[in-house]
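What follows is each chain in one-letter form.
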Amino acid sequence: QVQLVESGGGLVQPGGSLRLSCAASGNIFSLNVMGWYRQAPGKQRELVATITADDSTNYADSVKGRFTISRDNAKNTVFLQMNSLKPEDTAVYYCKADIGRVLVLHYWGQGTQVTVSS
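Residues numbered from 1 in each chain as written. Predicted model: local features only at pLDDT ≥ 70, side-chain atom pairs only at ≥ 80, totals over all residues. Heavy atoms only, no water.

Visitor: Mind showing me how you'd approach the nonpolar core here?
Guide: Note that soluble globular proteins tend to have their nonpolar side chains buried in a common cluster. Judged by nonpolar contacts, the single largest core of 31 residues is most densely connected at W36, L80, M82 and Y93. When contributions to this core are tallied by element, the ones reaching two or more residues are β1 (2–7), β3 (18–26), β4 (31–39), β5 (46–51), β7 (67–72), β8 (77–82), β9 (91–99) and β11 (112–116). The greatest single-element share of this core, amounting to 5 residues, is contributed by β9. Those residues in contact with L80 that sit more than four places away from it in its chain are L18, R19, L20, W36, V48, A49, F67, T68, I69 and Y93. (Core = buried A, V, L, I, M, F, W, Y, C linked by side-chain atoms within 4.5 Å. Buried < 20%, exposed > 50% of the residue type's maximum accessible area, 1.4 Å probe, protein only. Helix = DSSP H or I, 4+ residues; strand = E, 2+ residues; numbered from the N terminus. Contact = heavy atoms within 4.5 Å.)

Visitor: Honestly, the pairing of β5 in this entry has me stumped. Any pointers?
Guide: Of the pairings in the sheet, the one linking β4 to β5 comprises 5 bridges and is antiparallel in character. Residue Y37 lies in a different strand from β5, and its bridge partner there is L47. Linking β4 to β5, which pair antiparallel, is a turn of 6 residues; within it G42 sits at a positive phi near 75 degrees. Sheet topology places β5 next to strand β6 (residues 57–59); 3 bridges connect them, and they run antiparallel. Among the inter-strand pairings, A49 is bridged to a residue of β6, identified as Y59. Taking the residues that link successive antiparallel strands as the turn, the β5-β6 hairpin has 5 residues, and the phi of D55 there is positive, at about 75 degrees. (Pairing = 2+ DSSP bridges.)

Visitor: Just checking my understanding: could you explain the sheet that holds β8 for this structure?
Guide: Note: strands within a sheet are paired through backbone hydrogen bonds, in either parallel or antiparallel orientation. Reading across the sheet, the 4 strands line up as β1-β3-β8-β7 and stay open at both edges, with antiparallel pairing between neighbours. The open sheet has two edge strands, β1 and β7, and neither has a second partner. Each strand axis lies, on average, 15 degrees off the axis of its neighbour in the sheet, ignoring direction. In the sheet, β7 pairs with β8 via 6 bridges, with the strands oriented antiparallel. Counterpart to F67 in the pairing with β8 is M82. (Axes fitted to C-alpha atoms, helices over the stretch in contact; angles between N-to-C directions.)

Okay, here's the thing in structure tokens:
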């Protein structure tokens, strides 16, 4: 019914930048909070950043000042601009979308690999 597709991951050197995108498609009747999460090998999945329908944002302390989340409501797309990347940013990045007005359902993308290495 709803599909999230991430793109933009890849290999980048420390200090470099990447821009991730996530497009939602399907039966989207109310797109609420969208966000990015990441999971490094052997670690729990953690929240990176979220953005509400009215563009209120929240970031993990580890990425504040380096990452920027944004969204295009007309295209049901969320972005994550990642600057000054560090090796510890290496992880699979997942897009998440909350959809619904009364009953909110959570949808996840398949993830995109981000590797920061020399």
